[in-house]
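A look at the structure
Here are the chains, one letter per residue:
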Amino acid sequence: MKSGKQRKAEIQLQRAGKAARAAASAAAQAVAPPALTAAMAACNPLQLAAYNSYGQPDFVARGYYVDEPFCCKDCGKQEVWTATRQKWWYEVAKGQVFTRANRCNACRRKERERAAEARRVQQQGKRQSEKEGVS
Ligand SMILES: [Zn+2]
């Protein structure tokens, strides 16, 4: 039977070993950043749109964007949201950091036209009711 003191020393030793292993694996990851391939693009967190979250997007934690396959929500087509397009979306277009690609190019264009038409009709209706004095 071990004394409480002995057991405590054992646990502390185990903890120290665990911490050392964690530090070693973190160091291994830090010294070997993956070489960026065509399917990756470096992430510059300073260029991102502001976000108010305790978490951070995967690409910030990772440090780079990776090609992301997705299924178009309208036509169901399999598409790839490329790393360079993601970089553009988040850092140039300032898209919200937790948004993802949803539609293929063709459906995106259709959706943009549909939204523009809906906006136009809505604005027209508004002007019409203003003219008629209806609110
Ligand atoms: Zn589609």
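This write-up is about the structure you can find in this document. In this text the structure is predicted, and so the values were computed from the model without any measurement.

Position of Phe98 among the secondary structure elements: in the loop between helix H3 (83-92) and helix H4 (105-131). The exposure class of Phe98 is partly exposed, given its relative accessible area of 47%. On a C-alpha basis, the gap between Phe98 and Cys71 in space is 17 Å, while along the polypeptide they are 27 residues apart.

Below, the discussion takes up H3. Along H3, the residues that are buried comprise Ala83, Gln86, Tyr90 and Glu91. Along the axis of H3, the buried residues cluster in a sector spanning 100°; they form a single face. Residues of H3 that are exposed and point over 90 degrees away from its buried face: Thr84 and Val92. Elements in contact with the buried residues of H3: strand S1 (40-42), helix H2 (58-62), strand S2 (64-66), strand S3 (68-71) and strand S4 (78-81). Of the residues flanking the end of H3, it is Lys94, one or two places downstream, whose phi is positive at about 55°.

Each value, and the rule that gives it
Per chain, residue numbering runs from 1 following the sequence as it is written. For this predicted model, a pLDDT threshold of at least 70 governs which residues receive local features, and a threshold of 80 or more governs which side-chain atom pairs are given and counted, while totals over whole chains, interfaces and linings are taken from all residues. No hydrogens and no water enter the side-chain calculation; it runs on all heavy atoms of the structure. Here a strand is any run of E in DSSP of at least two residues, a helix any run of H or I of at least four, and the numbering for each starts at the N terminus. Three exposure classes are used, based on accessible area relative to the maximum for each residue type with a 1.4 Å probe and protein chains only: buried under 20%, partly exposed in between, and exposed over 50%. Think of the arc as the fan of directions from the helix axis to the C-beta atoms. In this analysis, two residues are considered to be in contact whenever any of their non-hydrogen atoms come within 4.5 Å of each other.

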